[in-house]
Amino acid sequence: MKVSARNVFNGTVASLQEGAVNAEVKVALGGGDQLTAIVTMDSVRSLELSPGKAVMALIKAPWVMLMTEHADIRLSARNCLTGTVKTVEMGAVNAEVTLTLAGGAEIYSVVTKEAVAELGLKPGTSATAVIKASNVILGVPA
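We now turn to the structure provided with this report. Keep in mind that what you see is a predicted model, and the values were worked out from it rather than measured.

Before going further, it helps to examine the overall build of the chain. A count of helices and strands for the chain gives 2 helices and 10 strands. Listed N to C, the secondary structure of the chain is β-β-β-α-β-β-β-β-β-α-β-β in terms of helices and strands. For 142 residues, the compact-globule estimate of 2.2 N^0.38 gives 14 Å, and the chain sits close to it at 15 Å. C-alpha extents for the chain along the principal axes are approximately 45 × 35 × 25 Å.

And the structure:
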């Protein structure tokens, strides 16, 4: 499968909490890293999701926000993954920032050049990737 999403993670369903319309799916990525996805109940049924099932989590890089100096901030975003900046590739308007998470996975974010400067992002800097659970797309092998 080829996709345009920059972030593709292989994992397993750690837990599944069903609701009337949506379900919360926690995906273990390995190394202690975890993502939470919100998907429809139709998706739960069509993908046959259950704990232990292998899944792919896809996240487009522009959907990954970055923050630093966040010790006293609480967010409604379900996924706040702290890591270390590995690379910053500057473009004309935006930059692609690669974070290495504590468990070893890498996550890519596309942010403005101004955000890179304001946040002081450079290799070795600690930063947190912030991703809304509704921006995590799940897939399963066909």
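Bringing the sheet that holds strand β7 (residues 94–101) into the picture now. Here 5 strands make up an open sheet; going across it, the order is β5-β9-β6-β7-β8 and the pairing antiparallel. Lying at the two open borders of the sheet, with one neighbouring strand each, are β5 (65–67) and β8 (106–112). With strand direction ignored, the average angle separating the axes of adjacent strands in the sheet is 45°. Strand direction decides the pairing type here: strand β6 (residues 79–90) and strand β9 (residues 126–131), joined by 6 bridges, are antiparallel. Across the sheet, the residue bridging to threonine 82 is threonine 128, located in β9.

Thresholds, definitions, all that
- Residues numbered from 1 in each chain as written.
- Predicted model: local features only at pLDDT ≥ 70, side-chain atom pairs only at ≥ 80, totals over all residues.
- Heavy atoms only, no water.
- Helix = DSSP H or I, 4+ residues; strand = E, 2+ residues; numbered from the N terminus.
- Rg over C-alpha atoms; globule rule 2.2 N^0.38 Å.
- Pairing = 2+ DSSP bridges.
- Axes fitted to C-alpha atoms, helices over the stretch in contact; angles between N-to-C directions.

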